[in-house]
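Descriptive analysis of the structure
Listed here are the chains, written in short residue letters.
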Amino acid sequence: MRLGRPARAAIIGLALTLGAVACSTGGSTTPSAAPSASAGGLEKTKIKVATLPAIDSAAIYVAIDQKLFEKEGLEVTPQVVQAAPEAIPMLVKGEIDAMFGNYVSMFQAHDKQALKLRILAEGSRAAPDSLSIMALPNSPIKTAKDLEGKTINVNVLHNFQELALTQVLKANNVDPAKIKYVQVTFQNIMPSWKGGQIDAAYLGEPMVTAATSSMGARKILDPASGPAAEFPISGYVSTQDWYDKNPKTAAAFQRAIHNAAKLMENNREVVAKVLPNFTQIDAATAATVTFPYFSSNDNPVRLQRVADWMLEAKWLTKAIDVKSLMSPTTSG
Amino acid sequence: MSAQTLAPARPASAATRWSRRAGGALAFAALIELLSRTGLVDPETLPPATAILGRAATLMADPAFRAHALTSLLAWAAGLGLAAVIAVPLGLLLGSVPIVDAATRSVVEFLRPIPSVALIPLVSLLIGTGLQVRVTLAVYASLWPILYNTMYGLRGVDPLAKESLRSYGFGPLAVLMRVSLPSSAPFITTGFRLAAGVALILIVSTEIVAGRGEGIGVFIFFAGIAVPARMTDILAAVFWVGLFGVLVNALLVAAEQRAFRWHHARLGETA
């Protein structure tokens, strides 16, 4: 997604010209930031956070719905974006304070020095059956071994889907190098699966439930099992610079997210209630889908796995010490 | 051209032309209805035309959808307007000063084929996300038809008229304003009409990729990520975008024919 330096330099002049004109008419949005002295010493009480229209983002909406941010003296405005790469420029430019993003993308951005990453709070981890490699009822694919030489979709190449599946395939004596991955947008998964462009589908919820009930699809493999069990997927992140300026706000935000996750642990209703606010999942579907795990504490050990596997796959140029990017857990 | 070899056909009356167009649209709708109702195409993928049109009607009554549509409309108007403001003077400059044209040609030829959507990350980082991105990309893409038509329009200006003015002592600027600009105006408006369509495509597609919550493209995106995808919603929104494009085009064609009757008469067309 990001252009290289030479390409940037080449078109920067024109883009600046256009930009100057567009800015003068479009008007720029300035984040409202009025630090209030009465809010327990928080550096900033109103923050904007980019979220994704996926179940994984639920904790922030539960925290809003259950007034957990309010308790911390925080007013959080979520801004749904269509994909995490859209939010990175917003974060870099200070249009938002934090964003919900998957670790693989965020570590890659950090590695390429697109931003200096700071993890504010862990978000979601893959739960059993929340992700699934599935085959259509009449497909010759029966076992994990049958996946060799086959084509599987991913939302984005070289992302967490491949990373987790690679480990699970190895554990099942399947050669991960023999899988062909193609990038298929979310909307096109079902058509390309039915049309035969992909042999097996890599699905997340709510598609796993939909494919099982409406198409009779069979589950071949759970990409979040064995070595990749409870694989951390996404978290709430910001830049180191923002964190240095707002450490108390960051701690308050983390507490509210962790408390929301605790509340969500054994309470599906509290999650199902907020899903229609930011996803396309209606109340009926919300009652049947498998949720991911929502993290109620931060754990550098399990998150380090993601960075290590990325290094192993050569998606990173150097090792990342994940602990150095994380904040101490302040929730009780 | 067949018009030159065959005896000129009698121009159809406005009523006949409109009824033919409506007939074509009806036939197209009937085809969709048939494909869907007979199950030749999965009705979940292609809902019947009546369902799409019915949904389009109810969508217009939905304030949320109207807000999306209004955002897109404003972004479109801003993008197209800015493109014209930039491209017409630039086209006049490039078309009338050969040395500037020669010096910038390679850059222009390099920039022109860049797909605007590829510039989203760059534009977002430079000037911020949201409305600015949409408008900037629409300006970028719709600049070219106006720019090129302006340049080609200038090329076709009657040299005799220019010479006459010069011999009466008019300066280059006066020649440009009195002869070159009026005589290339029909080309410029054609460029503008093409740009109107390009800008519409860019606005909606940018919204689908990175709309940040507002616009018809965002509505289409969210309908698309539902499981199963809400195809009727998607196609109903697409219907409105298409209809808007047709109306704008028809209006601009009518305006062109009214304003430049002399031009069309010269080309042997019937208005």
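Residues numbered from 1 in each chain as written. Chains lettered and ligands numbered in written order. Predicted model: local features only at pLDDT ≥ 70, side-chain atom pairs only at ≥ 80, totals over all residues. Heavy atoms only, no water.

**Considering the overall build of chain A**
Per the secondary structure count, chain A includes 13 helices and eleven strands. Counting every position in chain A, which comprises 332 residues, the buried fraction comes to 54%. In chain A, of all internal contacts separated by at least 6 residues, the share reaching a separation of at least 24 is 79%. Within the structure as shown, chain A displays about 14,100 Å² of accessible surface, and the carbon and sulfur contribution to it stands at 55%. (Helix = DSSP H or I, 4+ residues; strand = E, 2+ residues; numbered from the N terminus. Buried < 20%, exposed > 50% of the residue type's maximum accessible area, 1.4 Å probe, protein only. Contact = heavy atoms within 4.5 Å. Areas by Shrake-Rupley, 256 points an atom, 1.4 Å probe, with all protein chains shown as cover.)

**So, the overall build of chain B**
Assigned secondary structure in chain B consists of twelve helices and zero strands. Counting from the amino terminus, chain B carries its helices and strands in the arrangement α-α-α-α-α-α-α-α-α-α-α-α. Dimensions of chain B, computed from the C-alpha atoms along their principal axes, are close to 70 × 55 × 30 Å. Scored against the burial criterion, the 271 residues of chain B give a buried share of 40%. For chain B, contacts bridging at least 24 residues in sequence account for 69% of all contacts bridging at least 6. Accessible surface, chain B as shown: approximately 14,100 Å² in total, 71% of it carbon and sulfur. Averaging the coordinates of the 20 positive side-chain charges in chain B and doing the same for the 13 negative ones gives two points 9 Å apart. (Lys, Arg positive; Asp, Glu negative; His and termini not counted. Charge placed at Lys NZ, Arg CZ, Asp CG, Glu CD.)

**As for the pattern of salt bridges**
One pass over the structure, following the stated rule, counts 19 salt bridges over all chains. In this structure, Asp111(A) engages Lys318(A) in a salt bridge whose closest nitrogen and oxygen atoms are separated by 3.6 Å. Separated by 207 residues along the polypeptide, Asp111(A) in helix H5 (residues 103-111) and Lys318(A) in the segment after helix H13 (300-312) bring together distant segments of the chain. Between Asp101(B) and Arg105(B) there is a salt bridge whose closest N-O contact spans 3.1 Å. One end of the pair is Asp101(B) and the other is Arg105(B), both in helix H5 (residues 98-111) and four residues apart, which spans about a single turn. In this structure Arg105(B) comes out as partly exposed when scored by relative accessible area, which is 36%. If you follow the salt bridges from partner to partner, you end up with Arg55(B), Arg230(B) and Asp233(B) in one network. (Salt bridge = Lys/Arg side-chain N within 4 Å of Asp/Glu carboxyl O.)

**Re the pairing of strand S3 (residues 98-102) of chain A**
Residue and element names in this part refer to chain A. Counting buried residues in S3 gives five out of five residues, a clear majority hidden from the surface. The two faces of S3 match: Ala98, Phe100 and Asn102 on one face and Met99 and Gly101 on the other face are all buried. Across two bridges, strand S1 (residues 46-51) lies against S3 in parallel orientation. Bridged to valine 49 within S3 is alanine 98. One ladder, built from four bridges, connects S3 with strand S10 (residues 232-239); its direction is antiparallel. Bridge pairing in S10 links glycine 101 to glycine 235. (Pairing = 2+ DSSP bridges.)

**Thoughts on the sheet that holds strand S5 (residues 131-135) of chain A**
Residue and element names in this part refer to chain A. As summarised here, the arrangement of the three strands in space is S8-S5-S9, forming an open sheet in which the pairing is antiparallel. Where the open sheet ends on each side, the last strands, each with one partner, are strand S8 (201-204) and strand S9 (218-221). Strand-to-strand twist in this sheet, taken as the mean axis angle between neighbours without regard to direction, amounts to 50°. Two strands pair when backbone bridges link them, and S5 and S8 are joined in this way by four bridges, in the antiparallel orientation. In the strand pairing of S8, leucine 131 is matched with glycine 204. (Axes fitted to C-alpha atoms, helices over the stretch in contact; angles between N-to-C directions.)

**Here's the deal with the UniProt feature "transmembrane region" (unreviewed entry) in chain B**
Residues and elements named next belong to chain B. Mapped onto the present numbering, the UniProt feature "transmembrane region" (unreviewed entry) falls on residues 73-97, 185-203, 215-231 and 237-255. As annotated, residues 73-97 has a helix share of 96% and a strand share of 0%, and its two end C-alpha atoms lie 36 Å apart. Its end C-alpha atoms 27 Å apart, residues 237-255 is made of 100% helix and 0% strand. (UniProt positions renumbered as here; feature names shortened; annotations may be inferred.)

**Some thoughts on unusual backbone geometry**
The amide bond that connects Glu205(A) to the next residue, Pro206(A), takes the cis arrangement and shows omega of 5°. With respect to the element layout, Pro206(A) can be found in the loop between S8 and helix H8 (207-215).

**Examining the domain arrangement of chain A**
Residue and element names in this part refer to chain A. Domains assigned within chain A are domain 1 (46-125 + 232-324) and domain 2 (131-228). Contacts between domain 1 and domain 2 engage 17 residues on the former and 13 residues on the latter. Buried surface at the junction of domain 1 and domain 2, both sides included, amounts to about 1,300 Å², of which 66% is carbon and sulfur. On the domain 1 side of the contact with domain 2, Ile233, Trp309 and Trp315 bury the most area, a combined 44% of that side's loss. (Domains from an automatic or database assignment. Buried area = accessible area lost by both parts, 1.4 Å probe.)

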